[in-house]
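Structural description and commentary
Okay, here's what each chain looks like letter by letter:
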Amino acid sequence: MNILVINAGSSSLKYQLLNPETGDLLAKGLCERIGIDGKFTYKPQVAGKETLDAIDVAMPTHSEAIQAVLDALVDAKNGVVGSMKEIDAVGHRVVHGGEKFAKSVLITDEVMAAIEECNPLAPLHNPANIIGIKACQALMPGTPMVAVFDTAFHQTMPPKAFMYALPYAYYENDKVRRYGFHGTSHKYVSGRAAAMLGKKPEELKLISCHLGNGSSIAAVDGGKSVDTSMGFTPLAGLPMGTRSGDLDAGILQYLMNKYGMNIDEMLNVLNKKSGVEGLSCVSSDFRDLESAAANGDEKAALAQEKFAYEVKKYVGAYAAAMGGVDAIIFTAGVGENDKAIRSMVCQGLEYMGVKLDETANNTRGKETVISAADSKVKVLLIPTNEELMIAQDTASIVKG
Ligand code: AMP
């Protein structure tokens, strides 16, 4: 079985063709500058096939982008499947499923309408996801399509975790609550953690740290998300590459009044100019922070410390929320690659049974137990694979 996974943004579209049973990747790539001019990248993972790297392909709309993807996949010379018939289904990443979707779902007209109803909750992302689905439906009639939501995994949170202490009417009338994001990643690494530990997900209390350009942490008790750090939007929780994470809402009024900013300008600061980039005045990239800190840059060192400190606070909070923790998972760009951040997070957690093995921690990008043999709480490095999770969900829904 081959599943095409599509992650459509407003002017870009990432894709992978993979086998959900074996995890084998046949091809992956990217369409960029959709609606501008169009750049197409195709990376077949089969020996002897040629890569296309950011070549010019006119992409006035997402339709031409998806047509370019399909043409490349079935191309007589460099394609990886014989025909479109060998693409069994398409799995679409959809950012927001609101309270309507607690799991992945086969896309029907009713589902499309329900996804559109979630647009106000993710105005930058959901409309682009919908455009991608519609373009695929038009070019692949008869091929089943599945929507996999970033928010779905967190729909198991109890009200005490997802409610804000605001007037209740804002929840009832306006759906203002914590939704949480990165659900596909948290679900995937939680499943892998159970496999690595030889336990059933139901037996485990896990803290999943997805630390990348965007970062979130989830408390996963018995295989279910019971709390997560992102909130109504992906701006909440940890400081991130350029996002502030949580802050005192009173700061907004103070800065907006002082500098005559409107709310859009203020949110632009919080989303694009804050986080470790804002704090360090160096970069949003943790590699740059590390080398700047090594050269004595104090603000870069502070940004690393602040980030690790906030991650550590969530670890403590979620251990308390779950009444214990069996394993802490590090994943995504920073979590998988930055041994210094992992080490800083774990330092001082010995009292709760966390003992990092610094030699084992000196690795990156592969599934590894990085805690000491006698660590009561296991610490795991698990590369995330959201595309494989989307493909597996899609396959199981299509097979019924
Ligand atoms: P992601 O959003 O999961 O793709 O993560 C991207 C981020 O991972 C980058 O912005 C970097 O901050 C971080 N990253 C990637 N590679 C490394 C590395 N080798 N060391 C430290 N951080 C890294």
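Scroll up to find the structure.
Structure report, in brief. Model, not experiment: these values are computed from the prediction.

A word on the packing of aromatic side chains. Across all of its chains, the model carries seven aromatic pairs by this definition. Look at Tyr 15 and Phe 40: their rings are 6.2 Å apart centre to centre, the planes differ by 10°, and that puts the pair in the stacked class. On the criterion of sequence distance, the pair formed by Tyr 15 in strand S2 (residues 13-18) and Phe 40 in strand S4 (residues 39-44) is long-range, its members being 25 residues apart. On the basis of relative accessible area, Tyr 15 is assigned to the buried category, the value being 2%.

The subject of this paragraph is the pairing of strand S3 (residues 25-32). Looking at chain direction, S2 and S3 are connected through six bridges and run antiparallel. Within the sheet, the bridge partner assigned to Leu 13 lies in S3 and is Cys 31. Linking two consecutive strands that pair antiparallel, namely S2 and S3, is a turn of six residues; a positive phi of about 80° is found at Gly 23 within it. Across six bridges, the pairing between S3 and S4 is antiparallel. Counterpart to Leu 30 in the pairing with S4 is Thr 41.

Turning our eyes to something else, we now look at the side chain of Asp 393. Turning to its location among the elements, Asp 393 is positioned in helix H15 (residues 386-398). With residues up to four places along the chain from it excluded, the contact list for Asp 393 reads Ser 104, Val 148 and Lys 187.

Here the focus is the site of the ligand. Around the ligand, the structure places Gly 212, Asn 213, Ser 284, Asp 285, Phe 286, Arg 287, Ala 332, Gly 333, Val 334, Asn 337, Asp 338 and Arg 364. In this structure, an oxygen atom belonging to the ligand sits 2.8 Å away from a main-chain N or O atom of Phe 286. When the ligand is considered free in solution it has 500 Å² of accessible area, and contact with the protein chains removes 73% of it. The cavity where the ligand resides is the second largest pocket. Examining the composition of the shell around the ligand, we find that four residues originate from one element, helix H12 (residues 332-337), more than from any other. Class assignment of the residues belonging to the shell around the ligand gives a composition of three nonpolar, five polar and four charged.

With a phi angle near 55°, Arg 33 is a residue other than glycine that sits in the positive phi range. Residue placement: Arg 33 occurs in the loop between S3 and S4. Unusually for a residue other than glycine, Ala 332 sits at a positive phi of about 75°. Looking at where Ala 332 falls in the secondary structure, it is placed in helix H12.

Reading the values: rules and limits
Residues numbered from 1 in each chain as written. Predicted model: local features only at pLDDT ≥ 70, side-chain atom pairs only at ≥ 80, totals over all residues. Heavy atoms only, no water. Phe/Tyr/Trp six-rings, centres within 6.5 Å; stacked < 30°, edge-to-face > 60°. Helix = DSSP H or I, 4+ residues; strand = E, 2+ residues; numbered from the N terminus. Buried < 20%, exposed > 50% of the residue type's maximum accessible area, 1.4 Å probe, protein only. Pairing = 2+ DSSP bridges. Contact = heavy atoms within 4.5 Å. Near = heavy atom within 4 Å. Polar contact = N/O pair within 3.5 Å; in protein donor to acceptor, adjacent residues only side chain to side chain. Areas by Shrake-Rupley, 256 points an atom, 1.4 Å probe, with all protein chains shown as cover. 1 Å grid on protein atoms, 1.4 Å probe; cavity = no way out; pocket = protein on both sides within 12 Å on 5 of 7 lines; lining within 4 Å. Sits in = over half its atoms within 2 Å of the grid points. Nonpolar A, V, L, I, M, F, W, Y, C, P; charged D, E, K, R; others polar.

Such coordinate-based values are descriptive only and should not be taken to indicate function.
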